[in-house]
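Listed here are the chains, written in short residue letters.
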Amino acid sequence: MSFRPCLVVPVYNPGPALGRTLDALLACGHPLFVHDDGSDEATRRQLEDAATAHPGLHLSRWAGNRGKGAAVVEAFRRAQAEGFTHALQVDADGQHDVGAIAAFLTLGEARPEAVIAGVPVYDGSVPAARKYGRWFTHAWVWLETLSFDIGDSLCGFRLYPLEAMGRLLSRTALPARMDFDTAAIVRLHWEGVPVVNAPVRVVYPEDGVSHFHLLRDNLRLTRMHTRLVLGMLRRLPTLVARRLRRGTPQDHQWTRIQERGTALGLRAAHLVFRLTGARGLRWLTELLAVYFFLTGRAARRASGQYLDRLFRHAGPLPGLPAKPGLHAQYRHIRTFALSYVDRFLAWMDASDAELVFPEEQAFQALIHSGRGALFLSAHLGNLDMLRGLGAARGVPGLNAVIYSEHVIRFQELLGRINPRYTANLIHVAEAGPETAMLLEERIARGESLFIVGDRPPASENGRTLDIPFLGREAPFPIGPLFLAHLLQCPVYLFFCVKEGTRYRIHMEPFAERVDLPRKGREAALRTWLERYAQAVEARCRETPFQWFNFYDFWGEARPLPPPPTAPPA
């Protein structure tokens with residue numbers, strides 16, 4: 001699917017915030033479709049002046065007010081007629097952080113078939129009635145979709161695939177006013193359009209203008225939810241069948257397997273922590289680990305496959321003395337669940353875990369030397385503990401480079417309760433030349449980049465090489481090492497593993513720089529990847545239950561050939 005995005009802004013007398021919003025959006029450099037929904041004379045003139053000064057601003061208007069939803073749909077139709085494939089809707093009242101546009105478009109390019117839905121991260125300016133009143137709609141939407149897939153149905157910061165939206169509009173008349181956002185995303189979800197949730201900071205400017213009418217618009221929302229519930233009942237067999245199919249994924253590709261934690265469960269965890277502290281949260285997680293072990297057939301199968309390969313290749317081990325069975329699989333899943341608690345507590349500044357870092361002096365010297373570096377890790381242990389530690393201690397420039405598909409509900413929750421969590425997350429679609437151009441500025445500023453290298457890339461055309469791992473070849477992505485080659489900076493291996501009640505950080509030099517000559521590049525890549533895979537293998541032997549890849553990691557990769565034997569005498 002092609003990807004040609006634009007920005008869409010419905011306008012109806014937004015007040016002084018309009019000028020700031022237009023300036024910020026135009027600075028992004030993307031084509032901008034603005035539809036004036038019958039604003040007053042002052043707003044009309046302001047828009048006409050902006051359109052005259054900026055050819056990239058496409059302006060249209062109605063003489064009378066027809067509603068936000070109608071204005072958005074009109075802008076969508078005009079954008080699609082101009083050949084655009086995706087439209088990022090932004091409200092004109094200055095509430096949304098336009099700095100999130102780049103991340104949303106990156107996500108949209110990686111998942112062009114999906115809606116990228118904004119989930120608000122509020123600051124202190126949000127009225128309490130607005131913040132908590134949204135839960136009324138959240139509860140209805142969870143019922144209407146029989147899922148927790150939609151993180152927030154009211155947020156007006158959202159990237160739509162226009163083809164899917166056009167199909168929906170050809171069959172359904174969407175609400176024309178404030179109820180548009182919720183109805184649109186629920187009905188797209190019914191159509192099978194995936195929803196990817198992503199955080200966006202939301203503020204309420206002091207000079208902001210709201211057109212929400214408490215009685216009238218709440219009645220509209222109630223009428224809309226009544227219709228959606230009736231629509232859900234008509235579609236009940238289809239929705240239930242879809243949920244059952246999603247419960248047993250057949251594809252081993254990790255990017256297509258959603259994490260099973262839900263927004264409701266994570267919010268419940270936050271509430272439990274506030275009421276009972278860390279001990280209560282850990283007890284809750286113990287129960288959840290039992291639940292996911294009993295219901296997660298795919299996770300049990302993947303865990304068993306990994307533990308069996310590890311035991312046959314390197315066992316018996318101190319942590320895995322006997323052939324693994326169901327108890328070992330449960331221990332693996334439980335360790336993963338509790339690692340989330342540790343991450344949560346680290347970012348709540350409530351962690352009681354001791355952190356042992358033998359190489360901390362060398363690490364601090366590198367961080368403060370002004371020389372950027374790339375830290376290569378894996379889905380092993382708890383790398384997020386370092387970012388939490390750095391945020392708590394004020395260590396600057398600790399950036400986590402994550403594939404776009406990793407925008408999961410856990411990140412959204414932590415972004416809401418601690419904005420420092422999302423401050424140094426860099427979302428990328430693929431670790432390649434374009435990504436290097438985005439990251440080399442960070443390296444030039446002396447910052448550090450952390451990236452994992454043990455999962456194939458989210459992009460369908462991302463390249464991998466089959467590398468020996470635990471006695472069988474497995475597909476490893478070339479992107480992280482190719483990125484290291486393009487950045488031409490020092491590379492370190494970095495792992496943070498749990499030992500009892502404490503975490504130990506391991507840091508070791510991997511390469512002063514990774515060189516991949518044009519001639520023999522694949523052979524050089526294979527050599528570097530084999531070194532990396534051997535390092536991950538060594539950590540798996542030391543901590544067998546802390547490698548967290550719960551999918552068919554080996555896929556269709558071939559078994560290793562037997563070692564050569566000497567010819568008979």
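Let me begin by describing the structure that accompanies this report.

## A few points about the pairing of strand E13 (residues 464-469)
Here is step 1 of the chain: Alternating residues of E13 divide into Leu465, Ile467 and Phe469, all buried, and Thr464, Asp466 and Pro468, none buried.
Here is step 2 of the chain: Sheet topology note: the E13/strand E14 (residues 472-477) ladder contains six bridges and is antiparallel. When the bridges of E14 are listed, Ile467 appears paired with Ala474.
Here is step 3 of the chain: Where E13 folds back onto E14 in an antiparallel hairpin, the turn is made up of two residues, including Leu470, whose phi is positive at roughly 55 degrees.

## As for helix H11 (residues 297-314)
Here is step 1 of the chain: For H11, spanning 18 residues, the distance from its first C-alpha to its last is 26 Å, which sits close to the expected 26 Å at 1.5 Å a residue.
Here is step 2 of the chain: Taken together, the buried positions of H11 are occupied by Ala302, Ser303, Gly304, Tyr306, Leu307, Asp308, Arg309, Leu310 and Phe311.

## Some details on a nonpolar patch on the surface
Here is step 1 of the chain: Side chains of Leu230, Leu233, Leu236 and Val240 sit close together on the surface and give an oily, nonpolar patch of about 320 Å² of accessible area.
Here is step 2 of the chain: Those elements giving two or more residues to the nonpolar patch turn out to be helix H8 (214-234) and helix H9 (236-246).
Here is step 3 of the chain: Leu236 gets classed as partly exposed once you look at its relative accessible area, which sits at 32%.

## Observations concerning the pattern of salt bridges
Here is step 1 of the chain: Overall, the coordinates contain 26 salt bridges when judged by the stated rule.
Here is step 2 of the chain: Between Asp36 and Arg61 there is a salt bridge; the shortest N-O distance is 3.2 Å. Of this pair, Asp36 sits in strand E2 (residues 32-37) while Arg61 is found in strand E3 (residues 57-62), placing the two residues 25 residues apart along the sequence.
Here is step 3 of the chain: A relative accessible area of 34% means that Arg61 is categorised as partly exposed.
Here is step 4 of the chain: Linked by salt bridges that have partners in common, Glu41, Arg44, Arg45 and Glu48 make up one network.

## Some thoughts on the environment of Leu57
Here is step 1 of the chain: Relative to the helices and strands, Leu57 resides in strand E3.
Here is step 2 of the chain: For Leu57, a relative accessible area of 5% puts it in the buried group.
Here is step 3 of the chain: Separated by ten residues in the primary sequence, Leu57 and Leu47 have C-alpha atoms spaced 9.3 Å apart.
Here is step 4 of the chain: Among all residues touching Leu57, those that are not within four sequence positions of it are Leu22, Leu26, Leu32, Val34, Ala50 and Ala51.

## Description of the sheet that holds strand E6 (residues 158-161)
Here is step 1 of the chain: Spatial ordering of the open sheet is given by E3-E2-E1-E4-E6-E5-E7, a layout of seven strands whose pairing is mixed. Looking along the sheet, the strands with just one partner apiece sit at the ends: E3 and strand E7 (195-202). Across the sheet, the mean angle from the axis of one strand to that of its neighbour is 20 degrees, orientation sign disregarded.
Here is step 2 of the chain: Two elements, strand E5 (residues 115-122) and E6, share two bridges in a ladder whose sense is antiparallel. What sits directly across from Ala117, in E6, is Arg158.
Here is step 3 of the chain: Of the strands in this sheet, strand E1 (5-11), E2 and E3 are in contact with helix H2 (residues 41-53), which crosses E3 at around 155 degrees.
Here is step 4 of the chain: Most of the contacts of helix H7 (residues 180-190) go to E6, to which it runs at about 45 degrees, and overall it touches strand E4 (86-89), E5, E6 and E7.

Rules behind the numbers
- Residues numbered from 1 in each chain as written.
- Predicted model: local features only at pLDDT ≥ 70, side-chain atom pairs only at ≥ 80, totals over all residues.
- Heavy atoms only, no water.
- Buried < 20%, exposed > 50% of the residue type's maximum accessible area, 1.4 Å probe, protein only.
- Helix = DSSP H or I, 4+ residues; strand = E, 2+ residues; numbered from the N terminus.
- Pairing = 2+ DSSP bridges.
- Expected span 1.5 Å × (residues − 1).
- Patch = residues over 30% accessible without salt bridge, like charges linked within 9 Å, V, L, I, M, F, W, Y side chains within 5 Å.
- Areas by Shrake-Rupley, 256 points an atom, 1.4 Å probe, with all protein chains shown as cover.
- Salt bridge = Lys/Arg side-chain N within 4 Å of Asp/Glu carboxyl O.
- Contact = heavy atoms within 4.5 Å.
- Axes fitted to C-alpha atoms, helices over the stretch in contact; angles between N-to-C directions.

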